[in-house]
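Below are the chains, spelled out letter by letter.
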Amino acid sequence: MDLGIRGRTAIVCASSQGLGLACARALAEAGVSLVINGRNRAALDRSAEEIRRATGVHVTPVAADVSTVEGQEALLAACRTPDILINNNGGPPYRDFRELDRQALLSGVTMNMVTPIELIQRVIDSMAKRGFGRIVNITSSSVKMPLAGLDLSSGARAGLTAFVAGVARNFAGKNVTINGLLPGSFDTQRLRGIFAAASKKTGKPESEIAAQAAAEIPAKRFGTPAEFGQTCAFLCSVHASYITGQNILLDGGAYPGAF
Ligand SMILES: NC(=O)c1ccc[n+]([C@@H]2O[C@H](COP(=O)([O-])OP(=O)(O)OC[C@H]3O[C@@H](n4cnc5c(N)ncnc54)[C@H](OP(=O)(O)O)[C@@H]3O)[C@@H](O)[C@H]2O)c1
């Protein structure tokens with residue numbers, strides 16, 4: 001399918017690996033020029049080169065912490081008026097909620113709620129003026145199905161989800177959409193890190209923990225970053241202009257509700 005976005009520009013935050021990188025790749029395959037981002041410059045440059053080679057699109061790597069004002073400024077300096085913004089960031093680590101002091105709480109909320117909102121504030125008016133904009137926030141299935149130990153992640157992302165729900169309706173008439181993608185369990189470094197931590201805690205081999213987790217998913221497997229990226233690219237396409245303010249679960253059927 002031609003997504004109709006060839007020649008558009010996108011900022012994809014936190015995209016040197018994992019789900020962010022998969023979104024960047026899928027947009028590049030659709031002919032979108034990219035700004036990609038991560039803190040580790042070597043890994044980021046490798047991913048930029050890999051996308052350039054595979055697709056021939058223009059890729060600008062911006063090594064920066066997206067949660068900081070300076071990091072956001074660096075991203076926008078590379079592309080002042082993007083047509084597409086993919087908000088992504090690291091997630092707070094597993095922690096008993098009683099261990100979260102004020103600083104940890106504020107930093108989690110900054111990462112997963114304040115940062116995407118600040119970036120949306122910076123780009124949305126120019127999208128509206130041009131009559132095209134696509135914003136996708138990568139959140140988590142924990143927005144709908146919170147997990148003890150990831151309370152800060154669930155709370156901050158639920159806050160973002162509610163915050164942008166009103167904003168999305170205000171911009172729908174300008175062909176600017178804002179949607180959330182809610183990953184369940186995807187085979188990335190982050191998921192492998194969670195299994196490694198569980199293995200350390202329980203003494204069970206990582207492979208056994210992973211197999212048990214996959215067996216509990218109705219699809220009987222983890223999601224692949226590539227399928228996540230393709231869904232993101234579709235939401236950014238011309239065909240998705242009537243989809244806004246939605247939160248789309250990609251979880252292999254793990255969420256048990258009909259709605
Ligand atoms: N994978 C899953 O199953 C799953 C499920 C639910 C939710 N999620 C959420 O989805 C998001 C992406 O997850 P993932 O699995 O793709 O993680 P990942 O494989 O660990 O990749 C994270 C990416 O974000 C970059 N990054 C992290 N912190 C950053 C920062 N402050 N500034 C700029 N870049 C930053 C990392 O590069 P650097 O480290 O070099 O900065 C890396 O490129 C996370 O918020 C995660 O919590 C994932």
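Here the structure is a predicted model, which means the values were calculated and not measured.

Trainee: Could you give an account of the overall build of the protein chain, naming the residues involved and the relevant values?
Mentor: Scanning the protein chain from N- to C-terminus turns up eight helices and seven strands. Here the C-alpha radius of gyration of the protein chain, 18 Å, is about what a compact globule of 259 residues would show, namely 18 Å. Along the longest, intermediate and shortest principal axes, the C-alpha atoms of the protein chain span 55 × 40 × 40 Å. Taken over 259 residues, the protein chain has a buried fraction of 47%. In the protein chain, the proportion of contacts linking residues at least 24 apart, taken out of those at least 6 apart, comes to 74%. When the accessible surface of the protein chain is summed, it comes to about 12,500 Å², and 55% of that surface belongs to carbon and sulfur atoms.

Trainee: Could you give me a rundown of the site of the ligand, with the residues and numbers involved?
Mentor: Looking at the ligand, there are 28 residues lining it, with Ser-16, Arg-39, Asn-89, Phe-186 and Thr-188 nearest. One of the backbone nitrogen or oxygen atoms of Val-66 is found 3.0 Å away from a nitrogen atom of the ligand. Take Thr-188: an N or O atom from its side chain is 2.4 Å from an oxygen atom of the ligand. Elements with a contribution of two residues or more to the shell around the ligand: helix H1 (18-29), strand E2 (33-38) and helix H6 (189-202). Here the residues of the shell around the ligand sort into seven nonpolar, 17 polar and four charged.

Trainee: Could you give me a rundown of the pairing of strand E4 (residues 84-87), with the residues and numbers involved?
Mentor: Alternating positions in E4 separate into two faces, Ile-84 and Ile-86 on one and Leu-85 and Asn-87 on the other, with burial throughout. For strand E1 (residues 9-12) and E4, the ladder comprises three bridges, and the chain directions are parallel. The residue of E4 that forms the bridge with Ile-11 is Leu-85. Pairing geometry for E4 and strand E5 (residues 133-138), over four bridges, is parallel. When the sheet's bridge partners are listed, Ile-84 is paired in E5 with Arg-134. In the classification by handedness, the crossover that spans E4, the intervening helix H4 (residues 102-130) and the parallel E5 is right-handed.

Trainee: Can you break down the packing of helix H3 (residues 69-78) against H4 residue by residue, with the values?
Mentor: Between H3 and H4, the least distance of the axes is 11 Å, while the angle of their chain directions is 35°. Once H3 is placed against H4, the crossing between them reads as right-handed. Note on element contacts: H4 touches H3 through Thr-115, Glu-118, Leu-119, Arg-122 and Val-123, opposite Gln-72, Glu-73 and Leu-76. Classifying every residue of the contact of H3 with H4 by side-chain character gives three nonpolar, two polar and three charged.

Trainee: Describe the pattern of salt bridges, listing the residues and the values that go with them.
Mentor: In the structure shown here, the tally under the stated rule is 11 salt bridges. A salt bridge links Arg-53 to Glu-49, with the nearest nitrogen and oxygen atoms 3.6 Å apart. Of this pair, Arg-53 and Glu-49 both sit in helix H2 (residues 41-55), four residues apart, which is roughly one turn of the helix. Salt-bridge contacts for Glu-73 lead to Arg-122; the nearest nitrogen and oxygen are separated by 2.7 Å. Of this pair, Glu-73 sits in helix H3 while Arg-122 sits in helix H4, placing them 49 residues apart in sequence. Overall, the relative accessible area of 40% leaves Arg-122 in the partly exposed class.

Definitions and cut-offs
- Residues numbered from 1 in each chain as written.
- Predicted model: local features only at pLDDT ≥ 70, side-chain atom pairs only at ≥ 80, totals over all residues.
- Heavy atoms only, no water.
- Helix = DSSP H or I, 4+ residues; strand = E, 2+ residues; numbered from the N terminus.
- Rg over C-alpha atoms; globule rule 2.2 N^0.38 Å.
- Buried < 20%, exposed > 50% of the residue type's maximum accessible area, 1.4 Å probe, protein only.
- Contact = heavy atoms within 4.5 Å.
- Areas by Shrake-Rupley, 256 points an atom, 1.4 Å probe, with all protein chains shown as cover.
- Near = heavy atom within 4 Å.
- Polar contact = N/O pair within 3.5 Å; in protein donor to acceptor, adjacent residues only side chain to side chain.
- Nonpolar A, V, L, I, M, F, W, Y, C, P; charged D, E, K, R; others polar.
- Pairing = 2+ DSSP bridges.
- Right-handed = clockwise from strand over helix to strand, strands pointing away.
- Axes fitted to C-alpha atoms, helices over the stretch in contact; angles between N-to-C directions.
- Left-handed = near helix turned anticlockwise from the far one by under 90°.
- Salt bridge = Lys/Arg side-chain N within 4 Å of Asp/Glu carboxyl O.

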